[in-house]
Amino acid sequence: MKIILYRIGVLVALVLIWWFFSTIVERQLIPSPLATFHAAERLIAEGRLSTALLDTLTIYIGGYGAAILIGIPLGLLMGTARTLGKTLDIFIYALSATPRVAFIPLIIVFLGLGASAKTFIVFLGAVMPILINAYAGALNSDEDLVEMARSVGASKSRIFREIVLPGALPFAITGLRIGATIGLINTVVAELYTAVRGLGGLLAIYGNTFRMAEYFVIVFTLAFIGVLVTTALRLLEMRLERWRGNGA
Amino acid sequence: MRSDAAGGSAPKSPIPTSPIIEMKGVSKGFGGGSGERVAALQDINLELTEGTFTAILGPSGCGKTTLLRLIDGLVQPDAGTVRVAGHPPRPGPEMGFVFQSFRLIPWRTVRGNVEFALVEAIADPAERRRRADRYIERVGLSRFADAYPRQLSGGMKQRAALARALACEPEILLLDEPFASLDAQTRELMQVELMRLWSERKSLAVFVTHSVDEAIFLADQIVLMGPRPGRILEVIDVNLTRPRWSYDVRAEPRFAELRQYLWERIRALVLADPQSDFYGRDEVQSVSTGS
Ligand SMILES: Nc1ncnc2c1ncn2[C@@H]1O[C@H](COP(=O)(O)OP(=O)(O)OP(=O)(O)O)[C@@H](O)[C@H]1O
Ligand SMILES: [Mg+2]
């Protein structure tokens, strides 16, 4: 409970600092908090914000969802079928070390500038951490517990469901969290590099025309999405890991 | 899935005195690949008959755990054969295993952990729960049936692990130092409780321990093992009247005699083992007290 009060305190301090700088920086490069608030009201009233938000969320959820649907099962499979995992992991690591921006021209050539290209860019960014963490989680399964389960005669599938899977969960959720952030970043990157639309598109327009109040509204909206998704994931983790108690 | 192992259908051996567990020339090593392969067990020959309680006694690293894992069918021997009721062993609810390090599932409660072992044996969840609760009660953990392992003390974890192995009501009970982390009082209570359970069902028990006293108190026969390579040195019959909780066994001359003998042998083994931390400390006087 206390932590919420502290957080509000920090928030107030940040707004004050922001306001202070908005008064000393010239040419209104930093809009005042009040101007930003008015800009937000305008953007909402005109429906621009909601249209852009919808665009962005569609891309984001599509790409992130696909990354989850492919990354988690593939990671678990690689961690369970060890030979397959050992064979493939070096390629996965190589791919994840390559800056994903490098693929954008190629993706545009194949998928164009529309929603599918954007979704794919998001997918490509989010899938790597999700896959790698699910893989690590399955690899990390407790050998002693697996042997115990074998000794009571549990089938392979029951061992997977009841020992390996729950053991991999904390890793998998870490992957989901990193994937969520990278996915959001890639959504904006995709909107900047392909057809300029969504929140990323507005960011480009307002940035290039120095409409800083509107620009700030978009930045805050993106930050808000990030907070929302990570908080949801943390709540999910707390629900699934209740056995750890409050300590974790 | 499991065709012959489910209990009733497996034919019992025709001659009642024939061994249930039979090990012939069994060797097992670990490692290999790039490193040196360590022989954990070498040329083990052992026959255990129905209804006997066997204690395995020996210094650390002489392959006691490995021996149990071989009997349970969790690992395969490099050489020789292991037979349980005439067949190569297969892990399952007919054999209960109490592991040295508890091996409780951290995200399941005590009851959940016990029920985990019963899924193969009992299809009905309500019946499974009743069975789990009965054995949780017998190890004195009823108040903690809904607790998670992290909320338990070491001794309580050990009793939970014991309940899990007992709940299957196995024909063969394999126990790897199951009382090592209990305090002296709980340990004695659990020893008697185990004796009672075992004598009710007359299952076959193989009990690994470091405690000479515990081995003598519990077992019909004591298998003395030596290290590097792990091997059986001697099998000793205990020959003390049962039930042993009805009189003061420790006051029997036979008890003192066995204790003295086993103590000396183990001490000699440790002092003669170049790998032991106490190698060559001959000046230490023989102390036959404590365990
Ligand atoms: N999975 C394994 N991998 C490699 N070496 C092993 C493995 N299991 C056992 N060993 C080795 O085999 C030998 C016997 O081990 P084991 O655990 O059976 O001994 P133990 O008699 O049970 O010892 P303790 O009394 O300390 O429990 C040891 O030298 C050990 O290092
Ligand atoms: Mg051991």
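Residues numbered from 1 in each chain as written. Chains lettered and ligands numbered in written order. Predicted model: local features only at pLDDT ≥ 70, side-chain atom pairs only at ≥ 80, totals over all residues. Heavy atoms only, no water.

Going by the annotation in an unreviewed UniProt entry, the name recorded for chain B is ABC transporter ATPase, with Nitratireductor aestuarii given as the source organism. If you open the UniProt record of chain B and go to Sequence similarities (unreviewed entry), you find "Belongs to the ABC transporter superfamily." (UniProt positions renumbered as here; feature names shortened; annotations may be inferred.)

You'll find chain A entered in an unreviewed UniProt entry as ABC transporter permease, with Nitratireductor aestuarii given as the organism. Turning to chain A, the UniProt record has this under Subcellular location (unreviewed entry): "Cell membrane".

Peer 1: How do you make sense of the sheet that holds strand S2 (residues 37-48) of chain B when you look at a structure like this?
Peer 2: Two modes of strand pairing occur in sheets, parallel and antiparallel, and in both the strands are linked by backbone hydrogen bonds. All names here are of chain B. Reading across the sheet, the three strands line up as S2-S1-S4 and stay open at both edges, with antiparallel pairing between neighbours. Each of the sheet's edge strands pairs with one partner strand only, and the pair in question is S2 and strand S4 (79-84). Adjacent strand axes in the sheet meet at a mean angle of 30° when their direction is disregarded. Strand direction decides the pairing type here: strand S1 (residues 21-31) and S4, joined by five bridges, are antiparallel. Of the residues in S4, the one forming a bridge with Lys 24 is Thr 81. Sheet contacts for helix H1 (residues 64-72): S1, S2 and S4; angle to S1, the most-contacted strand, approximately 120°. (Pairing = 2+ DSSP bridges. Helix = DSSP H or I, 4+ residues; strand = E, 2+ residues; numbered from the N terminus. Axes fitted to C-alpha atoms, helices over the stretch in contact; angles between N-to-C directions. Contact = heavy atoms within 4.5 Å.)

Peer 1: Just checking my understanding: could you explain the domain arrangement of chain B for this structure?
Peer 2: Residues and elements named next belong to chain B. Partitioning chain B into domains gives domain 1 (2-9 + 48-75 + 85-94 + 173-289) and domain 2 (107-169). In this structure, domain 1 and domain 2 have C-alpha centres spaced 24 Å apart. Across the contact, 17 residues belong to domain 1 and 14 residues belong to domain 2. Summed over both partners, the interface of domain 1 with domain 2 buries about 1,300 Å², with 62% contributed by carbon and sulfur atoms. Inspection of the domain 1/domain 2 interface yields two salt bridges. Glu 200 is the salt-bridge partner of Arg 138, the closest N and O atoms lying 3.4 Å from each other. Across the contact surface, domain 1 and domain 2 share six residue pairs in polar contact (both at pLDDT 80 or more). Looking at the side of domain 1 that touches domain 2, the elements with two or more residues in it are strand S6 (172-176) and helix H5 (184-201). Per-class residue counts for the side of domain 1 that touches domain 2 are ten nonpolar, two polar and five charged. (Domains from an automatic or database assignment. Buried area = accessible area lost by both parts, 1.4 Å probe. Salt bridge = Lys/Arg side-chain N within 4 Å of Asp/Glu carboxyl O. Polar contact = N/O pair within 3.5 Å; in protein donor to acceptor, adjacent residues only side chain to side chain. Nonpolar A, V, L, I, M, F, W, Y, C, P; charged D, E, K, R; others polar.)

Peer 1: Explain the pairing of strand S3 (residues 53-57) of chain B here, please?
Peer 2: In the case of a regular strand, side chains alternate between the two sheet surfaces. Residue and element names in this part refer to chain B. Taking burial as the measure, the five residues of S3 include five buried ones, the bulk of the element. Two strands pair when backbone bridges link them, and S3 and strand S7 (residues 204-209) are joined in this way by five bridges, in the parallel orientation. Opposite Ala 55, over in S7, you have Phe 207 as the bridge partner. For S3 and strand S8 (residues 221-226), the ladder comprises four bridges, and the chain directions are parallel. Bridging from a neighbouring strand, Ala 55 pairs with Ile 222 of S8. (Buried < 20%, exposed > 50% of the residue type's maximum accessible area, 1.4 Å probe, protein only.)

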